[in-house]
Amino acid sequence: VQPDVEGLQKAEKDRYRGRVQYSLEYNFQREELTFAVKQASNLKAMDLGGTSDPYATVHTTNAPQKKYETKVHRKTLNPVFNQSFIFKVPQKEISEISVVVLMYDFNKLLKDSVIGEMRIDLADVDLNHVIEDWKDLGPSGKIEHERLGEICFSLRYVPSSGKLTVIILEAKNLKRMDADGLSDPYVKVHLALNKKKWKRKKTAVKKNTIKPYFNEAFTFDVSLEQIQKIDMIISVWDHDKVGKNKQIGKVFLGCEASGNALRHWSDMLAHPRRPMAQWHNLQSAEEVDTVVKLKKNLKPPLLRS
């Protein structure tokens, strides 16, 4: 029950935009971050001649209006930049800040085209050392991304019985939704069949925390034929006693997903009967809804664990 391998490879090739080598160094005394765009390789060709005229912009999410720009390199998919930029990054805000690199194709007559985007979350980096690494470019976000948090869950599918088990394990670094700087998170698991809402369940609410531990299991009846046609949407919400519950972020999995989500789903299908656990970054509801595009229908009954 693996997704079509040839189709996955073609989709990955179409999505591939190249990769960027970068370095970063943080000065704790000055509270300054030095970020360098070293070079790029195998960039997506944007011109008819099979090349691009690439340059990059760099900014941090705490001051998106302050952007630095590299030089333009003509007719190449493997530019060498070696340009460094300095940003003011307060220590107390490090965990909330990302560095955003946008790679563009320069065009004299028309608007410059975005080749791809790369984001480095400083919370995931050991700033006690100088970091130098490569990272793939992804699609450019239309809105400035917030750090919404991460969620860990395991997936297990048994083809013979048609049982799909989802265990919501824990979450961390969730966006603070309440005035006291915390949240009251819970998780919903939705299954959509043929782009229509089908089944859903939810966890209990965890009070006053941005790193909740759930360890709640949900089992769905999903036949071998259906497993290739379902989308799974896992969403994290903040419970509100007075007002409306607010959505923190989502993750979308299934044969039409991409990146880590697709790898997790493929690992589950490739190892039947074995639980496969993985961490995922939460995305905004707008991002996920744009990709999934579910058809509107009556809401299914909500089941509790």
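Cut-offs used in this document
- For every chain, the first residue of the written sequence is number 1, and numbering continues from 1 onward in sequence order.
- The model is predicted, so local features are restricted to residues of pLDDT at least 70 and side-chain atom pairs to those at 80 or more, both for listing and for counting; the totals for chains, interfaces and linings are taken over all residues.
- The basis for the side-chain values is all heavy atoms of the structure; hydrogens and waters are excluded.
- Each helix is a run of H or I in the DSSP string that is no shorter than four residues. Each strand is a run of E no shorter than two, and both are numbered from the N terminus.
- Using a 1.4 Å probe on the protein chains alone, a residue whose accessible area is under 20% of its type maximum counts as buried, one over 50% counts as exposed, and one in between counts as partly exposed.
- The criterion used for residue contact is that any of the two residues' heavy atoms lie within 4.5 Å.
- Here a salt bridge means any side-chain nitrogen of Lys or Arg lying within 4 Å of a carboxyl oxygen belonging to Asp or Glu.
- Here, strands pair whenever DSSP counts at least two bridges between them.
- Helix axes are fitted only over the stretch in contact, all axes being lines through C-alpha atoms; the angle between N-to-C directions runs from 0 to 180 degrees.
- Expected helix span is taken as 1.5 Å per residue step, with the number of steps being one fewer than the number of residues.
- Throughout this description, the term nonpolar core refers to a set of buried Ala, Val, Leu, Ile, Met, Phe, Trp, Tyr and Cys residues connected via side-chain atoms within 4.5 Å.

J.: For this particular structure, what's the right way to read the side chain of serine 235?
T.: Residue placement: serine 235 occurs in strand β14 (residues 230–238). The class of serine 235 is buried, set by a relative accessible area of 2%. Residues in contact with serine 235, not counting those within four places in the same chain, are Tyr186, Val187, Lys188, His190, Gln247, Gly249 and Lys250.

J.: What exactly am I supposed to notice about the environment of isoleucine 131 here?
T.: Tracing the chain through its elements places isoleucine 131 in strand β8 (residues 131–136). The spatial distance from the C-alpha of isoleucine 131 to the C-alpha of tyrosine 22 is 8.1 Å, given a sequence separation of 109 residues. In this structure isoleucine 131 touches Tyr22, Ser23, Leu24, Val125 and Asp126, once residues within four positions along its chain are discounted.

J.: Please clarify how unusual backbone geometry should be interpreted in this entry.
T.: Most peptide bonds are trans, and most residues other than glycine sit at a negative phi. Positive phi, close to 55 degrees, is recorded for asparagine 173, a residue that is not glycine. As for its position among the elements, asparagine 173 is in the loop between β10 (163–172) and β11 (185–193). Even without being glycine, asparagine 208 reaches a positive phi, approximately 50 degrees. Asparagine 208 sits in the partly exposed class, given a relative accessible area of 47%.

J.: Explain the environment of arginine 74 here, please?
T.: Checked against the element boundaries, arginine 74 lands in the loop between β4 (68–69) and β5 (80–88). C-alpha of arginine 74 to C-alpha of serine 52: the two residues are 22 residues apart in sequence and 7.0 Å apart in space. When neighbours within four sequence positions are excluded, arginine 74 is seen to be in contact with Ser52, Asp53, Phe106 and Lys108.

J.: I tried to follow the pattern of salt bridges on my own but got confused; where do I start?
T.: Any two side chains of opposite charge can pair if their charged atoms end up close together. Applying the stated criterion across every chain, the model contains 9 salt bridges. As a salt-bridge pair, lysine 195 and glutamate 256 come within 3.1 Å of each other at their nearest N and O atoms. Placement of the pair is lysine 195 in the loop between β11 and β12 (196–202) and glutamate 256 in the loop between β15 (246–254) and α2 (259–270), with a sequence separation of 61 residues. What you see here is one network of salt bridges that share partners, running through Lys195, Asp231 and Glu256.

J.: Can you help me understand the sheet that holds β8 in this one?
T.: Paired through backbone hydrogen bonds, the strands of a sheet run either parallel or antiparallel to each other. With antiparallel pairing, 4 strands are arranged side by side in an open sheet as β5-β2-β1-β8. Each having just a single partner strand, β5 and β8 make up the two edges of the open sheet. The mean inter-strand angle of the sheet, taken between neighbouring strand axes irrespective of direction, is 25 degrees.

J.: Where do I start with α2 in this structure?
T.: The periodicity of an α-helix, 3.6 residues per turn, causes residues three or four positions apart to be oriented the same way. With 12 residues, α2 should cover 16 Å at 1.5 Å per step; its first-to-last C-alpha distance of 16 Å lies within 8% of that length. All of the buried residues in α2 are Ala261, Leu262, His264, Trp265, Ser266, Met268 and Leu269.

J.: Got a minute to help me understand the nonpolar core in this structure?
T.: One recurring pattern in soluble globular proteins: nonpolar side chains tend to sit buried together. Among the nonpolar cores identified, the biggest contains 40 residues, and Ile151, Leu164, Ile168, Met232, Ile234 and Trp265 are the most heavily contacted of them. At the level of secondary structure, the elements contributing two or more residues to this core comprise β9 (150–158), β10, β11, β13 (213–221), β14, β15, α2 and α3 (285–292). Here isoleucine 168 is in contact with Ile151, Cys152, Phe153, Val187, Val189, Thr203, Phe214, Asn215, Glu216, Phe218 and Ile234, once residues within four sequence places are set aside. With 27 residues, the next largest nonpolar core counts Val20, Ala40, Phe85 and Leu127 among its residues.

J.: Which parts of the structure should I look at to understand the sheet that holds strand β16 (residues 276–281)?
T.: Pairing in this open sheet of 4 strands is antiparallel, and the strands run β13-β10-β9-β16 from one edge to the other. On the outer flanks of this sheet lie β13 and β16, each paired with one strand and no other. Between one strand axis and the next, the sheet turns through 20 degrees on average, direction left out of account. Packed onto the sheet, α2 meets β9, β10 and β16 and runs at close to 170 degrees relative to β16.

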